[in-house]
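# Chains, contacts and geometry: an overview
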Amino acid sequence: MRFRPPSPADLPALYRVCLLTGDAGSDASALHDDPDLLGHHWAGPQSVHDPAMCEVVEDDAGLAGYLVGVASTSDFEEWCGREWWPALRERYRLGVERRQADAELVRSIHRPDRTPPAITALFPAHFHVNLLPRAQGRGIGRMLIARLIARLEQRGASGVHLGVEPANTRAIGFYRHLGFTEVAVEDDGGLILGLRLG
């Protein structure tokens, strides 16, 4: 496996990994008519906003996973409002009939959630990590997170958080083993886990 920062040319492959791991770690292709919507939220903007906080994992078969993160979630969300969402709002109009999963993601393009200050005050950074099966079980996720934490500490971040679907019990156990603890429960039941740094 090889590791490097992402480039704009990686976006299609990042989106593909995001889709193939988007259903609580399993393939979400059957849930979405538009294969790019998950990536527009959970892979693309982070990798474009702050590639220094991101890494892609590749082997001879291509991109096998990634970690995308940002040091300041508040700054990232402001940037998305200026730079990321406007073009997508033109592409994905409201009022178009879509299946439920896609419709929810399109609504969040037009009305994105903001991370509550109660979370960002203690855990300003956030990340998403997704690995295809061929990259799993090899310690890669743990290594990517450890390297991200080192970069975040260099940036002076006091903490980092991430969201996990409640059905993804394997991931929840993994993060708890790394020292993450529950800091909030979202309206849809999703867990926000956080880790203090420094």
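The structure presented is a predicted model; accordingly, all values stated were derived computationally and were not measured. (Residues numbered from 1 in each chain as written. Predicted model: local features only at pLDDT ≥ 70, side-chain atom pairs only at ≥ 80, totals over all residues. Heavy atoms only, no water.)

### So, the overall build of the chain
- A tally of helices and strands in the chain yields eight helices and seven strands.
- Seen through its principal axes, the chain has C-alpha atoms that stretch 45 × 40 × 30 Å.
- Split into buried and exposed, the 198 residues of the chain put 48% on the buried side.
- For the chain, contacts bridging at least 24 residues in sequence account for 69% of all contacts bridging at least 6. (Helix = DSSP H or I, 4+ residues; strand = E, 2+ residues; numbered from the N terminus. Buried < 20%, exposed > 50% of the residue type's maximum accessible area, 1.4 Å probe, protein only. Contact = heavy atoms within 4.5 Å.)

### Remarks on the sheet that holds strand β2 (residues 55-59)
- As summarised here, the arrangement of the seven strands in space is β1-β2-β3-β4-β5-β7-β6, forming an open sheet in which the pairing is mixed. Of all the strands in the sheet, just β1 (2-4) and β6 (181-185) have a single pairing partner and so form its edges. Taking the axes of each pair of neighbouring strands and ignoring which way they run, one obtains an average angle of 25° across the sheet.
- In this structure, β6 lies alongside strand β7 (residues 191-196), joined through four bridges in antiparallel fashion. The partner of Thr181 across the bridge, within β7, is Gly194.
- Sitting on the sheet, helix α4 (residues 73-91) is in contact with β3 (62-70), β4 (125-131) and β5 (159-164), with an inclination near 75° to β4.
- Across the sheet, helix α8 (residues 169-177) touches β4, β5, β6 and β7, and the angle it forms with β5 is around 165°. (Pairing = 2+ DSSP bridges. Axes fitted to C-alpha atoms, helices over the stretch in contact; angles between N-to-C directions.)

### Focus on the nonpolar core
- Counting 28 residues, the largest nonpolar core has Phe127, Leu152, Val160, Tyr175 and Phe180 as its most contacted members.
- Elements that contribute at least two residues to this core include exactly β3, β4, α7 (140-155), β5, α8 and β7.
- In terms of residue count, α7 provides more of this core than any other element does, six residues in total.
- Excluding residues that lie within four positions of it along the chain, Leu152 makes contacts with Met53, Val70, Ala71, Ala125, Ala157, Val160 and Leu197.
- By size, the runner-up hydrophobic cluster in this structure holds 27 residues, among which are Cys54, Tyr66, Trp84 and Leu88. (Core = buried A, V, L, I, M, F, W, Y, C linked by side-chain atoms within 4.5 Å.)

### Here we look at the side chain of His128
- Structurally, His128 can be placed in strand β4.
- For His128, the side chain forms a polar contact with the side chain of Gln46, separated by 3.4 Å.
- With near-sequence residues (within four places) excluded, His128 lies in contact with Trp42, Gln46, Tyr66, Leu67 and Val68. (Polar contact = N/O pair within 3.5 Å; in protein donor to acceptor, adjacent residues only side chain to side chain.)

### Comments concerning unusual backbone geometry
- Positive phi, close to 50°, is recorded for Ala24, a residue that is not glycine.
- Mapped onto the elements of the fold, Ala24 is located in the loop between α1 (11-20) and α2 (37-42).

### Concerning the environment of Arg99
- Residue position: Arg99 is located in the loop between α4 and α5 (100-110).
- Owing to a relative accessible area of 34%, Arg99 belongs among the partly exposed residues under this scheme.
- When the C-alpha atoms of Arg99 and Asp34 are compared, they prove to be 9.7 Å apart, with 65 residues separating the residues in sequence.
- Other than its neighbours up to four places away in sequence, Arg99 contacts Ala30, Leu31, His32 and Asp33.
- Looking at Arg99, its side chain comes within polar contact range of the main-chain oxygen of Leu31, at 3.4 Å.

### Some remarks on α8
- Along α8, the positions that sit buried rather than exposed are Ala171, Ile172 and Tyr175. Taken around the axis of α8, the buried residues stretch over an arc of 100°, which confines them to a single face. For α8, exposure combined with an orientation more than 90 degrees from the buried face picks out Thr169, Arg170 and His177.
- Tucked into the core, α8 has its buried residues touching β4, α7, β5 and β7. (Arc of directions from axis to C-beta.)

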